[in-house]
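# Observations on the three-dimensional arrangement
Listed here are the chains, written in short residue letters.
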Amino acid sequence: MLTVDFTRFPLAAGDRVLDLGCGAGRHAFECYRRGAQVVALDRNGEEIREVAKWFAAMKEAGEAPEGATATAMEGDALNLPFPDDSFDVVIISEVMEHIPDDKGVLAEMVRVLKPGGRIAITVPRYGPEKICWTLSDAYHEVEGGHIRIYKADQLLARIREAGLKPYGTHHAHALHSPYWWLKCAFGVDNDRALPVRAYHKLLVWDIMKKPLATRVAEQLLNPVVGKSFVAYATKPHLPKAEA
C-alpha cells in the first residue's frame, strides 16, 4: 500500500533514493522495483533487518532490474550519515509527526538532496487525525507516538522555509480513516471487536484484490476523508553566480 503516487513523483532508473524512516520498507521496495539505487534508513534495527531480508529476497527472485541496488541501514534522521547532495530523491512517509525537531529533519533532507532533486513528504491529514485524537488518548499518547497534527498549509510553510519548492499535493487512503476511527472507539489495542475485525478484513481484501469499485470509491473519498496528506517539492538549483 503506497502513499506516494509515482505518477506525480517520477522516478528514473538509476536515481539514488533515500527512504527516510522507511519502517517496513513499502516505498523502498517500490523504488527498488523501478530500478533505483535505494537506501532505506530507520532507527528501528528490527525493522531494518526485516527490510534487508526482503531486499535480498527481491534480488533472488529477480524483482529488481539490472543496475538497481538496495541497502538497509540504521540511522538518525537528525544526523544523516551521508555527504551533501547525495540523493536525487528523498521520501519521508508518516514520520515527521513523530519527531519533535521537524525543522531539523527537513534541514537534513535538504542537505543530502541534490539541487534539482525531488522530495515526497506524507503525514496524517488534520481532520481524520483530529478525530482519532478525540476518540482515544492511547492512539497518540504512547512512546514514539504522534506528537503533532499538521494542517496542510502549516506543512507547506515548513517545506518552503526549508528552501524547497512545493509543486503538488493530494490526499490518500480514505478507506483507512474509518478503520482507525473504529480502532480508537473500541480501543487501539482491541483487535477482537467485531466492527474492527470486519473492517480489517475489508481492507485486506481491497489491498489484495484491488477491485475497481473500491478503487473508484477511494479516489472519490480521498479529497474528503483521505487519511494522509502528501506533498511533493523540489530543491532549486543554485544561481549560477553562487554555484
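Residues numbered from 1 in each chain as written. Predicted model: local features only at pLDDT ≥ 70, side-chain atom pairs only at ≥ 80, totals over all residues. Heavy atoms only, no water.

In the nomenclature of an unreviewed UniProt entry, the chain is known as Class I SAM-dependent methyltransferase of Streptomyces microflavus.

### Side note on the packing of aromatic side chains
Going by this rule: Aromatic rings from Phe, Tyr and Trp, taking only the six-membered ring of Trp, are treated as a pair when their centres fall within 6.5 Å; an angle between ring planes under 30 degrees marks them as stacked, one over 60 as edge-to-face, and anything in between as tilted. A helix here means a DSSP run of H or I that spans at least four residues, while a strand means a run of E at least two residues long, and both kinds are numbered starting from the N terminus. Summary of the burial criterion: residues with accessible area below 20% of their type's maximum are buried, those above 50% are exposed, and those between are partly exposed, where the area comes from a 1.4 Å probe applied to protein chains only.
Here the structure, examined in full by the defined rule, presents 9 aromatic pairs. Aromatic pair Tyr139 and Trp180: ring centres 5.9 Å apart, planes at 65°, arrangement edge-to-face. Of this pair, Tyr139 sits in the loop between helix H4 (126-135) and helix H5 (152-161) while Trp180 sits in helix H6 (residues 176-186), placing them 41 residues apart in sequence. A residue is classified by how much of its surface remains accessible, and Tyr139, at 11% relative accessible area, is buried. Here Trp180 falls in the partly exposed class, since its relative accessible area comes to 29%. With a centroid separation of 6.4 Å and 25° between ring planes, the pair formed by Tyr179 and Tyr199 is classed as stacked. Here Tyr179 is found in helix H6, whereas its partner Tyr199 is found in helix H7 (residues 194-209), with 20 residues between them in sequence.

### Side note on the sheet that holds strand S4 (residues 87-93)
Spelled out, the test is: For two strands to be treated as a pair, DSSP must find no fewer than two bridges joining them. Only the stretch in contact is used when fitting a helix axis, every axis being a line fitted to C-alpha atoms; angles between N-to-C directions are given from 0 to 180 degrees. Working rule for contacts: check all heavy atoms of both residues, and any pair within 4.5 Å makes them a contact.
Pairing is mixed across the open sheet formed by 7 strands, whose spatial order is S3-S2-S1-S4-S5-S7-S6. Looking at strand neighbours, the two that pair on one side only are strand S3 (69-74) and strand S6 (165-172), the edges of this open sheet. On average, each strand axis in the sheet is tilted by 15° relative to the strand beside it, whichever way the strands run. In the sheet, strand S1 (residues 16-20) pairs with S4 via 3 bridges, with the strands oriented parallel. Bridge pairing links Leu18 to Val90 in S4. Along the sheet, helix H2 (residues 45-61) makes contact with strand S2 (37-42) and S3, crossing S3 at roughly 165°.

### A look at helix H3 (residues 102-112)
The buried fraction of H3 is high, at 8 of 11 residues. All of the buried residues along H3 are Asp102, Gly104, Val105, Leu106, Glu108, Met109, Val110 and Val112.

### A few points about unusual backbone geometry
In this structure, Asp85 takes a positive phi of about 55° despite not being glycine. Here Asp85 is to be found in the loop between S3 and S4. A residue is classified by how much of its surface remains accessible, and Asp85, at 38% relative accessible area, is partly exposed. For Lys210, which is not glycine, the phi torsion reads 50° and is therefore positive. If you trace the backbone, Lys210 turns up in the loop between H7 and helix H8 (212-225).

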